[in-house]
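# What the coordinates show
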Amino acid sequence: MNLKQFYKLLLFAFLVPVFSSCFEVVEEISMRNNGTGDVVLTINLSQSKTKVASVMLLDSVQGYKVPSKQKIQQELAEAVAYLKKSEGISNVKSTADFNNYIATISFTFKDVSNINNITKNILTQQKIKATNTSSYSFNKTTKTFSRKYQAVGTAKTEFNKLKSKDKAVFNGATYTSIYRFESPVASTSNPSSKLSKSSKAVMLKSNITDLINGKMNVSNQIQLSK
């Protein structure tokens with residue numbers, strides 16, 4: 001998943017008008033040993049729900065049109081419809097909690113590489129400029145899960161063109177990736193990775209501004225016990 005871009009599709013309408021730094025983007029991938037798995041994508045604005053609720057009552061904020069609940073639900077429905085047509089993807093679902101302002105999209109994949117094609121096609125469809133490239137693979141024989149991440153140089157440049165009040169939306173915002181496995185993890189290549197007590201899950205958390213500015217790389221190679 002390409003961090004901010006997929007979530008911009010999922011619920012980007014919240015981010016533009018709210019201008020609140022208190023939001024969290026979470027990507028969860030649960031891998032099975034046979035190469036299939038599940039994905040849950042979440043954007044959580046619950047820490048700012050009072051402010052979000054107030055903004056949602058307005059027509060526009062600082063020149064940005066505030067989306068209606070119906071518009072947000074439409075965006076989610078379109079994302080679900082697209083995913084259902086994607087190769088290797090099934091069991092697509094979405095949720096939108098307008099009390100706490102949390103939205104999710106979840107689906108099952110036949111092979112983790114199916115995600116790579118989805119991301120590319122969705123970004124093209126939505127005319128969203130990528131801030132990074134990211135791809136996934138899982139070798140069933142060696143039991144190795146890999147995420148290759150590379151920041152796009154223009155991302156920092158485009159970010160710096162934003163007005164200070166627009167940049168502020170990302171201050172304190174976080175991105176968290178969680179990878180779960182059926183077998184224990186033997187090693188991880190990213191030194192910022194944190195292993196669960198069960199040794200079957202790996203978490204990596206970063207400030208979104210660090211990702212945009214290229215200060216954080218979320219590439220990881222996770223070796224499972226054989």
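Residues numbered from 1 in each chain as written. Predicted model: local features only at pLDDT ≥ 70, side-chain atom pairs only at ≥ 80, totals over all residues. Heavy atoms only, no water.

### So, the pairing of strand E5 (residues 89-97)
In terms of strand pairing, E5 meets strand E6 (residues 102-109) through seven bridges, oriented antiparallel. When the sheet's bridge partners are listed, Thr95 is paired in E6 with Thr104. Hairpin connection between E5 and E6: a loop of four residues separates the two successive antiparallel strands, and Tyr101 in this loop has a positive phi of roughly 60°. (Pairing = 2+ DSSP bridges. Helix = DSSP H or I, 4+ residues; strand = E, 2+ residues; numbered from the N terminus.)

### A short note on the side chain of Thr144
Relative to the helices and strands, Thr144 is located in strand E8 (residues 144-151). Residue Thr144 is classed as buried on the basis of its relative accessible area, which comes to 10%. Engagement of the side chain of Thr144 in a polar contact is seen with the side chain of Thr142, the distance being 3.0 Å. At 2.8 Å, the side chain of Thr144 forms a polar contact with the side chain of Gln223. (Buried < 20%, exposed > 50% of the residue type's maximum accessible area, 1.4 Å probe, protein only. Polar contact = N/O pair within 3.5 Å; in protein donor to acceptor, adjacent residues only side chain to side chain.)

### Quick notes on the environment of Arg32
Here Arg32 lies in the loop between strand E1 (24-31) and strand E2 (37-44). Among the residues examined, Arg32 registers a relative accessible area of 28% and is labelled partly exposed. Taking the C-alpha atoms as reference, Arg32 lies 8.5 Å from Ser183; in sequence the two are 151 residues apart. With sequence-adjacent residues up to four places away left out, Arg32 is seen in contact with Gly37, Asp38, Thr108, Phe138 and Glu182. (Contact = heavy atoms within 4.5 Å.)

### Here we look at the sheet that holds E6
Pairing in this open sheet of seven strands is mixed, and the strands run E5-E6-E2-E1-E9-E12-E11 from one edge to the other. The open sheet has two edge strands with one neighbour each: E5 and strand E11 (194-195). Judged from the two bridges that link them, E11 and strand E12 (residues 201-207) form a sheet pairing that is antiparallel. Within E12, the position partnered with Leu195 by the bridge is Val202. Seen against the sheet, helix H3 (residues 69-84) touches E5 and E6 and runs at an angle of roughly 170° to E5. (Axes fitted to C-alpha atoms, helices over the stretch in contact; angles between N-to-C directions.)

### With respect to the pattern of salt bridges
In this structure the tally under the stated criterion is three salt bridges. Between Glu27 and Arg147 there is a salt bridge; the shortest N-O distance is 3.4 Å. Of this pair, Glu27 sits in strand E1 while Arg147 sits in strand E8, and the two are 120 residues apart along the sequence. Each member of the pair, Glu27 together with Arg147, is buried. Among the salt bridges present, the one from Asp38 reaches Arg32, with a minimum N-O distance of 2.9 Å. Accessibility expressed as a relative area gives 25% for Asp38, which makes it partly exposed. (Salt bridge = Lys/Arg side-chain N within 4 Å of Asp/Glu carboxyl O.)

### Observations regarding H3
The first and last C-alpha atoms of H3 sit 23 Å apart over 16 residues, in line with the 22 Å expected at 1.5 Å per residue. Ile72, Glu75, Leu76, Ala79, Val80, Tyr82 and Leu83 are the residues of H3 that are buried. Summarising the axial view, the buried residues of H3 lie within an arc of 165°, below the 170-degree limit, and thus occupy one face. Exposed side of H3, more than 90 degrees from the buried face: Gln70 and Lys84 are the residues found there. (Expected span 1.5 Å × (residues − 1). Arc of directions from axis to C-beta.)

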